Amino acid sequence: MSGDEDYVYDEESGEWMPASELAAKQAAAERVEVRDAAGNLLENGDQVTLIKDLEVKGAGQTLKQGTLIKSIRLTGDAQEIDCKYPGIKGLVLRAEFVKKR
């Protein structure tokens, strides 16, 4: 063991490792992968288009297939993305209904 870094025991692997390495490993495990209808990995800020017409509950309007949604935000849920669209507050879409541009 080298340096002045603290070593911690990782119960999952049964090994001793630097504390910073374990923290990075746990952070990566907690990151949720969000994929669009075609299986593309989505990230914060991506642009997506709708692959089908979606009726927006509470807004009394329908978003048509092909509608462009700019700058999505991931929510930490593997299936939901937070979106901004003119005239609709708090729009959350399911990733299965969008395709990355």
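Going by an unreviewed UniProt entry, the protein chain carries the name Alkylphosphonate utilization protein and comes from Qipengyuania aquimaris.

J.: Go over the sheet that holds strand β9 (residues 73–74) with me, naming the residues and quoting the values.
T.: Spatially, three strands are ordered β9-β10-β11 in an open sheet, and the strand pairing comes out antiparallel. The open sheet has two edge strands, β9 and β11 (88–94), and neither has a second partner. With two bridges joining them, β9 and strand β10 (residues 80–85) adopt antiparallel strand pairing. The residue of β10 that forms the bridge with L74 is I81.

J.: Which residues make up the nonpolar core, and what values do they have?
T.: Counting 17 residues, the largest nonpolar core has L42, I72, I81 and L93 as its most contacted members. The set of elements that each furnish at least two residues to this core consists of β5 (48–50), β6 (54–56), β10 and β11. Top element by residues in this core is β11. It accounts for three residues. Apart from residues lying up to four places away in sequence, I72 is in contact with L42, E43, N44, G45, D46, V48, I81, D82 and C83.

J.: Any details on the environment of I69? Residues and values, ideally.
T.: With respect to the element layout, I69 can be found in strand β8 (residues 68–69). Separated by 28 residues in sequence, I69 and F97 place their C-alpha atoms 12 Å apart. Not counting the four nearest positions on each side in its chain, I69 is found in contact with D46, Q47, V48, C83, K84, Y85 and L93.

Reading the values: the criteria
- Residues numbered from 1 in each chain as written.
- Predicted model: local features only at pLDDT ≥ 70, side-chain atom pairs only at ≥ 80, totals over all residues.
- Heavy atoms only, no water.
- Pairing = 2+ DSSP bridges.
- Helix = DSSP H or I, 4+ residues; strand = E, 2+ residues; numbered from the N terminus.
- Core = buried A, V, L, I, M, F, W, Y, C linked by side-chain atoms within 4.5 Å.
- Buried < 20%, exposed > 50% of the residue type's maximum accessible area, 1.4 Å probe, protein only.
- Contact = heavy atoms within 4.5 Å.

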